[in-house]
Amino acid sequence: MTALRDDLRSLPAGSERSVRNTLHHAAADFLAMFHAARPKAGELAVRLAKVRAEIAATGTYRHTPAELAFGARVALRESGWCPEAVPWRGILVRDLREVRDAAKVAAECAHHLRTATADGAVRPMVSVFAPDTPWRPGPRIRNDQLVRYAGYREPGRRGSLLGDRRYLDFTIGVCRLGWRPPTNRSGFDHLPLVIETGHEGVQLHSIPRDAVLEVSLAHPDLSWFANLGLRWHAVPVISNQCLRIGGIDYPAAPFNGVYICRAIGEDVLAEEAAYGLAGLIADRLGLDTATDRTLWRDRVAVELNRAVLHSFDAAGVAVEHSAEVYLPATETAGRPAFVRHLPPAQVR
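Here the structure is a predicted model, which means the values were calculated and not measured.

1. Here's the deal with the sheet that holds strand 2 (residues 125–129)
And step 1. Strands sit in the order 1-2-13-10 across an open sheet of 4 strands; the sheet is mixed. Both edges of this open sheet fall to strand 1 (92–96) and strand 10 (237–238), since each of them pairs with a single strand only.
And step 2. Of the pairings in the sheet, the one linking strand 1 to strand 2 comprises 5 bridges and is parallel in character. Across the sheet, the residue bridging to Arg-94 is Ser-127, located in strand 2.
And step 3. Together, strand 1, strand 2 and strand 13 (255–256) form the strand contacts of helix 3 (residues 65–77), whose direction differs from that of strand 1 by roughly 130°.
And step 4. In the packing of helix 4 (residues 102–116) onto the sheet, the strands contacted are strand 1, strand 2, strand 10 and strand 13, and the crossing angle to strand 2 comes to about 170°.

What follows is the structure in structure tokens.
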């Protein structure tokens, strides 16, 4: 919770007591939920007494590994990113609470990508880094996903854009922080991770190329499609949301589910605000784009989605074709959840 980032020692006695009481209530609600689901975890009253004493002494408390895994799994299952067919214990939770340095966070993010995409069988998982405490903030990842592609305004070509237009400002921001794009820019240049820690400030770290599994896109019927040189990364790892469990904030807790094809084909490649390829594909298909009443945009979206499904299947990489296979996102107050953090546009 946000109040944990305040130094309790600087607060008036009444305010400090209120913060501790709020945390204790949040912890009690979560622990009651955990013990109801895990009867073999021991006596709830005993655990609550220990947590109350820990909060009284330090202003915070530490989850056991089992509590952390349970909370992270609940949060991911209820995030809307997790396919319904994934079993509860199929969600891997990596306990990295001792990791606070930016370089180590970046290295573990690369490990997350490798593990999540092993052999193309995308595995939903969560990597949980150090929490916020009253005396020290946890690390933060400013990228909205671990893998994103740069967006450029092409010099000398009025209105010409290259790459992912959603990240034009983010790309400018990381360049100001010292990132240098490749000499030969492309539409799929990997952006660096922007990691902020309380003791190091903001740092940039590149993800090793071999940690990012990418799928080259082709179409099952259109031979010219492969010549467009399109590709996409295999797994969506959300990285700028805070994992909140029982009143404790884990500001860096990247998590992934499995891509749905339209999130790539329709929502990114066709979308004018992203890659804006709808018009190009329509021209190659010979569609009438004079009016939207011809439904040319719908036909383009279908063909792009077909290309994504075909390509991921051919590469042996997991992808879903329908949102119906996902569990619905829930927002039940007090339950473990991923909450919004800093949007990428704020990187300057």
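From this point on, the discussion continues.
2. A look at unusual backbone geometry
And step 1. Positive phi outside glycine occurs at Asp-119, with the angle close to 60°.
And step 2. Relative to the assigned elements, Asp-119 resides in the loop between helix 4 and strand 2.
And step 3. Residues other than glycine seldom take positive phi values, yet Leu-295 does so here, at roughly 60°.
And step 4. Along the chain, the position of Leu-295 falls in the loop between helix 7 (278–285) and helix 8 (296–315).
And step 5. Take Leu-295: its relative accessible area is 49%, and that puts it in the partly exposed class.

3. Side note on the layout of surface pockets
And step 1. Looking at the largest pocket, its volume works out to about 720 Å³.
And step 2. Counting only elements with at least two residues in the lining of the largest pocket, the list comes to helix 1 (13–37), helix 3, strand 11 (242–245) and strand 14 (337–339).
And step 3. Within the lining of the largest pocket, the residues separate by chemical class into 14 nonpolar, 11 polar and 8 charged.
And step 4. Where the lining of the second largest pocket is concerned, the elements lending two or more residues are helix 2 (44–58) and strand 12 (248–250).
And step 5. Of the residues that constitute the lining of the second largest pocket, the class distribution is 5 nonpolar, 3 polar and 7 charged.

4. Topic: the packing of helix 6 (residues 261–269) against helix 8
And step 1. Running from N to C, helix 6 and helix 8 cross one another at 140°; their axes reach a closest spacing of 8 Å. Relative to helix 8, the element helix 6 lies oblique. The handedness of the crossing between helix 6 and helix 8 is right-handed. In contact with Cys-261, Arg-262, Ile-264, Gly-265, Glu-266 and Leu-269 of helix 6, helix 8 contributes Ala-301, Leu-304, Asn-305, Val-308, Leu-309 and Phe-312.
And step 2. When grouped by side-chain class, the residues that make up the contact of helix 6 with helix 8 number 8 nonpolar, 2 polar and 2 charged.

5. Description of the nonpolar core
And step 1. Residues Phe-225 and Tyr-275 are the most contacted members of the largest nonpolar core, which totals 57 residues.
And step 2. Looking at this core, the elements with two or more residues in it are helix 4, strand 2, strand 6 (193–197), helix 6, helix 7 and helix 8.
And step 3. Leaving out residues up to four positions away in the same chain, Tyr-275 has contacts with Tyr-149, Gly-163, Asp-164, Arg-165, Gly-187, Phe-188, Trp-232, Val-268 and Leu-269.
And step 4. Grouped together as the second largest cluster of nonpolar side chains are 30 residues, Phe-34, Ala-75, Ile-248 and Phe-338 included.

6. Comments concerning the packing of helix 7 against helix 8
And step 1. Across the interface, helix 7 lies against helix 8 with an axial gap of 9 Å and an inter-helix angle of 90°. Taken together, the axis directions place helix 7 and helix 8 in an arrangement best described as roughly perpendicular. Here Ala-278, Gly-279, Ile-281, Ala-282 and Leu-285 of helix 7 lie close against helix 8, whose contacting residues are Trp-296, Arg-297, Val-300, Glu-303 and Leu-304.
And step 2. For the contact of helix 7 with helix 8, a count of residues per class yields 7 nonpolar, 1 polar and 2 charged.

7. Quick look at the pairing of strand 11
And step 1. Bridging between strand 11 and strand 14 involves 3 bridges; their strand directions are antiparallel. Bridge pairing links Cys-242 to Val-339 in strand 14.
And step 2. As paired strands, strand 11 and strand 12 are joined by 3 bridges and run antiparallel to one another. Residue pairing in the sheet places Leu-243 in a bridge with Tyr-250 of strand 12.
And step 3. In textbook terms, the turn of a hairpin is the stretch between consecutive antiparallel strands, and for strand 11 and strand 12 this stretch comprises 2 residues, one of which, Gly-246, has a positive phi near 55°.

8. Digging into a negative patch on the surface
And step 1. A cluster of acidic residues, Glu-266, Asp-267, Glu-271 and Asp-298, forms a negative patch at the surface.
And step 2. Mapped onto the elements of the fold, Glu-271 is located in the loop between helix 6 and helix 7.
And step 3. Among the residues examined, Glu-271 registers a relative accessible area of 37% and is labelled partly exposed.

9. Re empty space enclosed by the protein
And step 1. Enumeration according to the criterion identifies 1 cavity of 30 Å³ or more in this entry.
And step 2. In terms of lining residues, the largest cavity is bounded by Leu-113, Thr-117, Val-147, Ala-211, Val-212, Leu-213, His-233, Ala-234 and Val-235.

10. Some remarks on the pattern of salt bridges
Oppositely charged side chains may form a pair once their charged atoms are brought near each other.
And step 1. Using the criterion set out here, one finds 16 salt bridges in the structure.
And step 2. Here Arg-94 makes a salt bridge to Glu-108, at a shortest N to O gap of 2.4 Å. Residue Arg-94 is located in strand 1, and its partner Glu-108 is located in helix 4; the two are separated by 14 residues in the primary sequence.
And step 3. On the accessibility criterion, Glu-108 (23% relative accessible area) is partly exposed.
And step 4. For Asp-132, the salt bridge identified is with Arg-140, shortest N-O distance 2.9 Å.
And step 5. One salt-bridge network, in which partners are shared between bridges, spans Asp-221, Glu-303 and Arg-306.

Rules and cut-offs
- Residues numbered from 1 in each chain as written.
- Predicted model: local features only at pLDDT ≥ 70, side-chain atom pairs only at ≥ 80, totals over all residues.
- Heavy atoms only, no water.
- Pairing = 2+ DSSP bridges.
- Helix = DSSP H or I, 4+ residues; strand = E, 2+ residues; numbered from the N terminus.
- Contact = heavy atoms within 4.5 Å.
- Axes fitted to C-alpha atoms, helices over the stretch in contact; angles between N-to-C directions.
- Buried < 20%, exposed > 50% of the residue type's maximum accessible area, 1.4 Å probe, protein only.
- 1 Å grid on protein atoms, 1.4 Å probe; cavity = no way out; pocket = protein on both sides within 12 Å on 5 of 7 lines; lining within 4 Å.
- Points joined across faces, edges and corners; volume = space filled by probe spheres on them.
- Nonpolar A, V, L, I, M, F, W, Y, C, P; charged D, E, K, R; others polar.
- Parallel < 35°, antiparallel > 145°, perpendicular 65-115°, else oblique.
- Left-handed = near helix turned anticlockwise from the far one by under 90°.
- Core = buried A, V, L, I, M, F, W, Y, C linked by side-chain atoms within 4.5 Å.
- Patch = residues over 30% accessible without salt bridge, like charges linked within 9 Å, V, L, I, M, F, W, Y side chains within 5 Å.
- Areas by Shrake-Rupley, 256 points an atom, 1.4 Å probe, with all protein chains shown as cover.
- Salt bridge = Lys/Arg side-chain N within 4 Å of Asp/Glu carboxyl O.
- Lys, Arg positive; Asp, Glu negative; His and termini not counted.
- Charge placed at Lys NZ, Arg CZ, Asp CG, Glu CD.

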